[in-house]
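Structural overview for review
Okay, here's what each chain looks like letter by letter:
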Amino acid sequence: MPFELITEPNYLRSVIRVSLTVSLTAIFVSTLVSLPIAFLIGFADFPGKRLVTAIINTGMGFPSVAVGLFVLLFISTDGPLGSLDLVYTPEAMIISQCILAAPVITGVALSAVESVDDAVRDTAYGVGGTRTDVALITLKEARYGVITGILAGFGRAISEVGSVLIVGGNIAYADGTSKTRTITTAITFETRRGEFETALALGAVLIVLVLLVNGIVMRLGGR
Amino acid sequence: MVDNYETDERPLLETTATDRHRGDQPMNLALEDVSYGVDGTEILTEISLALESGEIMTIIGPSGAGKTTLLRLAALFEQPTGGTIRYDGTDPWALSRDDRLVIRRRIGMVFQQASLFDAPVARNVDIGRRVRWPWPRRIRGFLERLLPRRFTGSPAVDERTLEALELVGLRDAWDRDPASLSGGEAQRVSFARALAVEPEVLVLDEPTSDLDPRNTAILERAIERSRERDHGVLLATHDMHQAERISDRVAVLLEGELVEVGPPGQVFEKPRDERTARFVRGDLLYDDNELPA
């Protein structure tokens, strides 16, 4: 019954709101953490750099259910973060999406930074740039790759099902609006109920949202 | 130390190095027994030379002789492993990073390959001035670029950038995309970028090696104009004719050693060192063993 979405716009709106809030917050936090790491690794030369890069690249393929389980163990009552009472909350979903998105953003951004020609750094230094200037100019030259990394991380986060299902619980309030139900977990839920049309409609909404966010970010990046 | 670039809005051609900068005179460069090595391999051995203001000194020597390394040391990209580099008698490597930056900002460097940023020509040329701006102005400039120009009232390109481009004959190219430039034009933009900050010492690493005669002539004219404005120019080249044409003095670098320094007439016609004579004759260009059978 796809038109149930239209007749119950609060449901759709709340699911979209939770999805975007969780994923955009996770991407914002991941980006803040990932870009400095990518830059530090990209600029520095140290023993074990290849190993660190390999670990980051491995992180890109973390199974989301394993991450969800890992986060759940941490935030459950007996876990180290149990006192924060995060189980089945959007905050828990943000944590798990951060863990999934951060290696993607770091890995792609690192690759973009390392692909910037040394001549660019030399030129930035040669015109009288400080180390900060050299880093900023390199970031600017690598911006398309960095944006691609952020978008890839966003794609990973918003399309994620397994970990948000485990740590978020796919919970809706009694009035049908979402507490921790995202578009992806709603699709799973509707499919299980046999409401394939509703699931398809939610899938279309998800695609439109991803396109919209990609378009905005690309536009801001000047591409 | 205070950088005064942000307050200097006079047109480039009306400004002299003498009244722009912190010293009374354009800087002099001196290398005193400078050596440089990497992982135990010595690339340069006890190089001593002095570059006066208003002088063009050309470094010639075969590939692998250490010309680029010498220029990178002179431009303070690398620290020598032995000896001392002095600008106006001061060893920049004995200074703090901030104080060394003040000296670095009085040096301009152009590389063999033009390396232009992914931005219009004008922004490539004025990058050296922008990195000298204080942060509030830089942030304001960044924010202004996000808004349509009719709201900010800022000009599309400033006069100093155009003046620098004019010196290399590319005044009208300020809004072009670097990808649309020929190799020669790109190198001329690189040159304009170095000139835009009015360096007192210009360090040029084979800037015309990939250029046609027309672009080479344009850059040589720009180099000579730098000399006319009392700037010192240190130029590495493979082109003996170029060295003879524009140099005040020529330094011959062979296998990391400076074997002779003198006027072009001396170096090319009456060299004092036998190795110089052999190099100028072309005898040192290759070993017989390297020739194909």
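Remember, predicted model here, so these are calculated numbers, not experimental data.

1. What about the interface of chain B and chain A?
Taken together, the contact pairs 21 residues of chain B with 20 residues of chain A. Buried surface at the junction of chain B and chain A, both sides included, amounts to about 1800 Å², of which 53% is carbon and sulfur. Its largest share of buried area at the contact with chain A, chain B owes to Arg104(B), Phe117(B) and Asp118(B), together 31% of the area lost on that side. Here chain B and chain A share four salt bridges between them. For Arg105(B), the salt bridge identified is with Asp133(A), shortest N-O distance 3.9 Å. Remark: the boundary between chain B and chain A carries ten residue pairs in polar contact (both at pLDDT 80 or more). Elements represented by at least two residues in the side of chain B that touches chain A include exactly helix H3 (97-104), strand S5 (107-110), helix H5 (127-130) and helix H6 (135-146) of chain B. Considering every element that reaches the side of chain B that touches chain A, the biggest residue donor is H3(B), with three residues. Along the lines of polarity and charge, the residues of the side of chain B that touches chain A split into eleven nonpolar, two polar and eight charged.

2. Structural notes on the packing of helix H2 (residues 9-43) of chain A against helix H5 (residues 90-115) of chain A
Residues and elements named next belong to chain A. Interaxial distance between H2 and H5 falls to 6 Å at its minimum, and their mutual angle equals 40°. At the point where H2 passes H5, the crossing takes the right-handed sense. Taken together, the residues of the contact of H2 with H5 break down into 20 nonpolar, eight polar and one charged.

3. Section: the sheet that holds S5(B)
Residue and element names in this part refer to chain B. The mixed open sheet is built from six strands, whose spatial order is S5-S6-S7-S3-S8-S9. Only two strands of the sheet have a single neighbouring strand rather than two, namely S5 and strand S9 (257-262). Pairwise comparison of adjacent strand axes, ignoring direction, gives a mean angle of 15° for this sheet. By the bridge criterion, five bridges tie strand S6 (residues 201-205) to strand S7 (residues 232-236) in an arrangement that is parallel. Paired with Leu204 across the bridge in S7 is Leu235.

4. A few points about the UniProt feature "domain: ABC transmembrane type-1" (unreviewed entry) in chain A
As recorded in UniProt, the sites labelled "domain: ABC transmembrane type-1" (unreviewed entry) are residues 16-217 of chain A. End C-alpha to end C-alpha, residues 16-217 of chain A measures 19 Å, and it is 75% helix and 0% strand.

5. Topic: the UniProt feature "transmembrane region" (unreviewed entry) in chain A
Residue and element names in this part refer to chain A. Mapped onto this numbering, the UniProt entry gives "transmembrane region" (unreviewed entry) at residues 20-44, 51-74, 94-113 and 199-220. Note that residues 51-74 is 83% helix and 0% strand, and that its end C-alpha atoms are spaced 26 Å apart. Across residues 199-220 one finds 100% helix and 0% strand; the C-alpha atoms that close the span lie 32 Å apart.

6. Observations concerning the sheet that holds strand S2 (residues 41-51) of chain B
All names here are of chain B. A sheet is described by the order of its strands in space; here three strands give the open sequence S2-S1-S4, paired in antiparallel fashion. With one partner strand each, in any of the chains shown, S2 and strand S4 (82-87) form the two edges of the open sheet. Across the sheet, the mean angle from the axis of one strand to that of its neighbour is 20°, orientation sign disregarded. Direction of pairing for strand S1 (residues 29-38) relative to S4: antiparallel, over a ladder of five bridges. Each residue of the ladder has a partner; that of Ser35, found in S4, is Gly82. Contacts between helix H2 (residues 67-74) and the sheet are confined to S1, S2 and S4, with S2 contributing the most and set at about 60° to the helix.

7. Observations concerning the side chain of Arg143(A)
Tracing the sequence through the fold places Arg143(A) in helix H8 (residues 143-158). According to the relative accessible area criterion, Arg143(A) is buried, its value standing at 18%. A distance of 3.3 Å separates the side chain of Arg143(A) from the side chain of Tyr144(A), its partner in a polar contact. In this structure the side chain of Arg143(A) is engaged in a polar contact, spanning 3.4 Å, whose partner is the backbone oxygen of Asp118(B).

8. Regarding the packing of aromatic side chains
The full count for this structure, using the stated rule, is four aromatic pairs over all chains. Taking the centre distance of 5.1 Å and the plane angle of 45° together, the rings of Phe70(A) and Phe74(A) count as tilted. With a gap of four residues between them, Phe70(A) and Phe74(A) both fall in helix H4 (residues 64-75), about one helical turn apart. Taken together, a centroid distance of 5.8 Å and an interplanar angle of 90° make the contact between Phe77(B) and Phe111(B) edge-to-face. Here Phe77(B), found in the loop between H2 and S4, pairs with Phe111(B), found in the loop between S5 and helix H4 (121-125); they are 34 residues apart in sequence, far enough to count as distant.

9. Some points on the packing of helix H3 (residues 49-59) of chain A against H5(A)
All names here are of chain A. Contact geometry for H3 and H5: axes closest at 7 Å, N-to-C directions at 135°. Taken together, H3 and H5 sit at an angle that is classed as oblique. Relative to H5, the crossing made by H3 is left-handed. Two secondary-structure elements touch here, H3 through Lys49, Thr53, Ile56, Asn57 and Gly59 and H5 through Pro103, Thr106, Gly107, Leu110 and Glu114.

Conventions and cut-offs
Residues numbered from 1 in each chain as written. Chains lettered and ligands numbered in written order. Predicted model: local features only at pLDDT ≥ 70, side-chain atom pairs only at ≥ 80, totals over all residues. Heavy atoms only, no water. Contact = heavy atoms within 4.5 Å. Buried area = accessible area lost by both parts, 1.4 Å probe. Salt bridge = Lys/Arg side-chain N within 4 Å of Asp/Glu carboxyl O. Polar contact = N/O pair within 3.5 Å; in protein donor to acceptor, adjacent residues only side chain to side chain. Helix = DSSP H or I, 4+ residues; strand = E, 2+ residues; numbered from the N terminus. Nonpolar A, V, L, I, M, F, W, Y, C, P; charged D, E, K, R; others polar. Axes fitted to C-alpha atoms, helices over the stretch in contact; angles between N-to-C directions. Left-handed = near helix turned anticlockwise from the far one by under 90°. Pairing = 2+ DSSP bridges. UniProt positions renumbered as here; feature names shortened; annotations may be inferred. Buried < 20%, exposed > 50% of the residue type's maximum accessible area, 1.4 Å probe, protein only. Phe/Tyr/Trp six-rings, centres within 6.5 Å; stacked < 30°, edge-to-face > 60°. Parallel < 35°, antiparallel > 145°, perpendicular 65-115°, else oblique.

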